Amino acid sequence: MPKVRVVKQESVGTGLYKMVFESPIDLKEKGFMPGQFLHLRPSESYDLLLRRPLSLCMADVEHNVLTVVYRAQGEGTKRLARLAAGDVVDVLGPLGHGFAAVSGDRRSLLVGGGIGVPPLVELGRYLKKQGQSVISVLGFQNKSQAILLDEFAQIGDMIVMSDDGTIGERGLVTGALTEDVLMDVDRFYSCGPTPMLKAVQATMKVFCVPGFLSLEERMGCGIGICVGCVHEISQKGELKYVKTCKEGPVFPSEEVVFS
Ligand SMILES: Cc1cc2nc3c(=O)[nH]c(=O)nc-3n(C[C@H](O)[C@H](O)[C@H](O)COP(=O)(O)OP(=O)(O)OC[C@H]3O[C@@H](n4cnc5c(N)ncnc54)[C@H](O)[C@@H]3O)c2cc1C
Ligand code: FES
C-alpha cells in the first residue's frame, strides 16, 4: 500500500487540522482533478479497517505534495490528527471524479459549507488560472470553524456567512445567493452538508444556473467494490443508483436526487 511521509500538520481551528503530505503519485505525470479525494489511514493503525475519505484541498505539483483540511471527530480522523512531520501515512488516490470545470465560462460561483469547503480551494485556483472571475460563498457554524479564508480571498470575491454571526453575516449560505450575487454567474460548484446541498440545488434551479454538487456519502473501500456509497441519481429521466466513490463524488446538480 502507498505509504508517504507527512510534511506538516497544524491546527487551523477548533478540532480542525491541515495536513500536508507527499503525493502517492507523480502529480505532474499522472495529473489530478479538483474535487477528487484521498483515502487515508495512519500507517500504524491496522486495527482501523477502513480508510477515511478526505478531499484534495490543495496540490503543489512542483513539490509533489498534497494538502487536506479535516475535522477530527471519530477514531480515524483523531489518529490522523496525532501524526506529525516525518510520520508515515497510508494514502490511496487521488480517487473518484472531480469537478469538470467548463471552459468558456466567465464567472463561477463556489458555495461551500463547513468542512465541505476544502475541495473548492483547488477548484477556485484552477478556474482563476483559466481566466475566470470567481466568487465564493462560504458558511460556517462560527468563527472558530471558519477555515481557508486567506486562500479563498486570493481566488476572488468572497462572502462569509455564519450561523451565530461571529464571522461575516449571520445566516445560511443560501441567504447570500441573491439575484445581485448570481447576476453574472455562468456556473456553480458546491460542497457541504447534505441539507445545504439540497437548499443550494433548489435555489440555483430557481435562478436557472447550472452546476455541480459534491456528495459526502459514507465510504468503505473507496474504489468501487463494497457498494457502501451508493446514491440515487436521475439521468435522462431514468432513476438509478451510482457508486459515489467511482462515479462521483461530483455530479451535475440536476442529476442528484435527495430523498
Ligand atoms: C468524498 C468525501 C470527501 C470528504 N472530505 C472531507 C474533508 O475534506 N474534510 C473532512 O473533515 N471530512 C471530509 N469527509 C468526511 C470524512 O470522511 C468523515 O468525517 C470521516 O471519514 C469520519 O471518520 P472518523 O474516523 O472521524 O469517524 P468514525 O466515526 O470513526 O467513522 C466511522 C466510519 O464511518 C465513515 N464515515 C463517518 N462519517 C462519514 C462521512 N461524513 N462521510 C463519509 N464517511 C464517513 C468513516 O469512513 C468510517 O468508515 C469527506 C467524505 C467524503 C465521502
Ligand atoms: S466506497 Fe466501496 S463501492 Fe464506493
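Residues numbered from 1 in each chain as written. Chains lettered and ligands numbered in written order. Predicted model: local features only at pLDDT ≥ 70, side-chain atom pairs only at ≥ 80, totals over all residues.

This part takes up the site of ligand 1. Lining the immediate environment of ligand 1, one finds 21 residues, of which Ser55, Tyr70, Gly74, Gly76 and Thr77 sit closest. At four residues, the largest contribution of residues to the shell around ligand 1 is made by strand β4 (residues 52-55). A class-by-class count of the residues in the shell around ligand 1 yields 10 nonpolar, five polar and six charged. (Near = placed C-beta within 6 Å. Helix = DSSP H or I, 4+ residues; strand = E, 2+ residues; numbered from the N terminus. Nonpolar A, V, L, I, M, F, W, Y, C, P; charged D, E, K, R; others polar.)

In spatial order, the strands read β11-β10-β9-β8-β12-β13-β16; together these seven strands make up an open sheet with mixed pairing. Both outer strands of the open sheet, β11 (169-170) and β16 (250-252), are each paired with one neighbouring strand and no more. Pairing geometry for strand β9 (residues 133-140) and strand β10 (residues 157-162), over six bridges, is parallel. What sits directly across from Ser136, in β10, is Met158. (Pairing = 2+ DSSP bridges.)

Among the eight residues that make up β9, seven are buried, leaving the element largely enclosed by the rest of the structure. One ladder, built from seven bridges, connects strand β8 (residues 107-113) with β9; its direction is parallel. Looking at the pairing, Leu109 lines up with Ile135 of β9. For the handedness criterion, the β-α-β arrangement of β8, helix α3 (residues 118-129) and β9 is classed as right-handed. A crossover connection joins β9 to the parallel β10 through helix α4 (residues 149-155); in handedness this β-α-β unit is right-handed. (Buried ≥ 20, exposed ≤ 12 C-beta atoms within 10 Å, placed from the backbone. Right-handed = clockwise from strand over helix to strand, strands pointing away.)

For the rest of this paragraph, the subject is the domain arrangement of the protein. Taken domain by domain, the protein consists of domain 1 (3-95) and domain 2 (107-214). Its C-alpha centre places domain 1 at a distance of 24 Å from the equivalent point of domain 2. Contact residues are listed per partner, giving 15 residues for domain 1 and 13 residues for domain 2. Contributions of two or more residues to the side of domain 1 that touches domain 2 are made by β1 (3-13), β5 (58-60) and β6 (65-71). Per-element accounting of the side of domain 1 that touches domain 2 gives the leading share, four residues, to β6. In terms of residue class, the side of domain 1 that touches domain 2 is built from 10 nonpolar, four polar and one charged. (Domains from an automatic or database assignment. Contact = placed C-beta atoms within 7 Å.)

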